[in-house]
Amino acid sequence: MKLIIAVVQDQDANKLLSALMEKGYGATKLASTGGFLRQGNTTLLIGTKDDELSEVTAIIKEICHTRKQLVSPMATVERTVSSYIPSPVEVEVGGATIFVVQVESFEKI
Ligand code: 2BA
């Protein structure tokens, strides 16, 4: 069994959850915050059988879109010089950041 940890954008999270539920996959939604942008995103924990991994990844790929986001460089570090206003830079976020972990045991008690 595998545990898929998928960090997705909030805009895609509900659609992704619905698609997973429709296909009978179990998932848990956690509210998370990206370390770089310091903005909300969503982390899904999805437990799957080994042979379901590719289908789940395909669903995530289909639903989670890449988006461009403007970020002020100073928003990611401590502000030290208040008069310096840097121009925002564009970063590409998503579709999804996916970690796959081998599950040692899985029980529902
Ligand atoms: P954030 O950390 O807020 O990052 C948002 C986007 O900012 C990233 O999109 C990437 O395009 C850009 N970015 C991140 N760190 C950067 C840096 N040091 N310099 C320049 N640009 C940078 P994604 O790569 O699609 O990541 C989306 C979210 O996935 C991340 O939000 C974070 O919550 C999670 N994530 C990404 N890589 C991770 C990792 N290795 N471990 C844990 N979570 C990760």
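Now for a description of the structure that goes with this document. (Residues numbered from 1 in each chain as written. Predicted model: local features only at pLDDT ≥ 70, side-chain atom pairs only at ≥ 80, totals over all residues. Heavy atoms only, no water.)

### A look at the site of the ligand
Thinking step 1. Every residue lining the ligand is accounted for by Val7, Gly34, Gly35, Phe36, Leu37, Asn41, Val91, Glu92, Val93, Gly94, Thr97 and Phe99.
Thinking step 2. Here an oxygen atom of the ligand sits 3.1 Å away from a polar atom, N or O, in the side chain of threonine 97.
Thinking step 3. Protein coverage of the free-state accessible area of the ligand, which is 750 Å², stands at 52%.
Thinking step 4. Of all the elements, strand β5 (residues 89–93) adds the most residues to the shell around the ligand, at 3 residues. (Near = heavy atom within 4 Å. Polar contact = N/O pair within 3.5 Å; in protein donor to acceptor, adjacent residues only side chain to side chain. Areas by Shrake-Rupley, 256 points an atom, 1.4 Å probe, with all protein chains shown as cover. Helix = DSSP H or I, 4+ residues; strand = E, 2+ residues; numbered from the N terminus.)

### Comments concerning the nonpolar core
Thinking step 1. Ranked by internal contacts, the top residues of the largest apolar core, which has 16 residues, are Leu16, Leu20, Ile46, Val56, Ile59 and Ile60.
Thinking step 2. Listed by contribution, the elements that provide at least two residues to this core are β1 (2–8), α1 (10–22), β3 (40–48) and α2 (53–63).
Thinking step 3. Element by element, the count of residues in this core is highest for α1, at 5 residues. (Core = buried A, V, L, I, M, F, W, Y, C linked by side-chain atoms within 4.5 Å. Buried < 20%, exposed > 50% of the residue type's maximum accessible area, 1.4 Å probe, protein only.)

### Some thoughts on the environment of threonine 97
Thinking step 1. With respect to the element layout, threonine 97 can be found in strand β6 (residues 96–102).
Thinking step 2. Residues threonine 97 and alanine 6 lie 91 residues apart in sequence; the distance between their C-alpha atoms is 5.6 Å.
Thinking step 3. Among residues more than four places away in sequence, those in contact with threonine 97 are Ile5, Ala6 and Val7. (Contact = heavy atoms within 4.5 Å.)

### Details of the environment of valine 71
Thinking step 1. Mapped onto the elements, valine 71 comes out in strand β4 (residues 67–71).
Thinking step 2. Considered as a pair, valine 71 and valine 91 are 20 residues apart in the sequence and their alpha carbons are 7.2 Å apart.

### Regarding α1
Thinking step 1. Over its 13 residues, α1 runs 19 Å from end to end, which matches the ideal 18 Å to within 8%, given 1.5 Å per residue.
Thinking step 2. Check the buried side of α1 and you find it contacts β1, β2 (26–33), β3, α2 and β4.
Thinking step 3. Remark: glycine 24 follows α1 within two positions and exhibits a positive phi of approximately 85°. (Expected span 1.5 Å × (residues − 1).)

### Quick notes on the sheet that holds β6
Thinking step 1. Ordered by their spatial adjacency, 4 strands build an open sheet running β2-β3-β1-β6, and the pairing between neighbours is antiparallel. For this open sheet the edge positions go to β2 and β6, each flanked by a neighbour on one side alone. Direction aside, neighbouring strands of the sheet carry axes that sit 20° apart on average.
Thinking step 2. As defined by bridge partners, β1 adjoins β3 across 7 bridges and the pair is classed as antiparallel. Residue pairing across strands places isoleucine 4 opposite isoleucine 46, the latter belonging to β3.
Thinking step 3. Running at roughly 20° to β3, α1 makes contact with β1, β2 and β3 of the sheet.
Thinking step 4. Those strands touched by α2 are β1, β3 and β6, and its axis lies near 5° from that of β1. (Pairing = 2+ DSSP bridges. Axes fitted to C-alpha atoms, helices over the stretch in contact; angles between N-to-C directions.)

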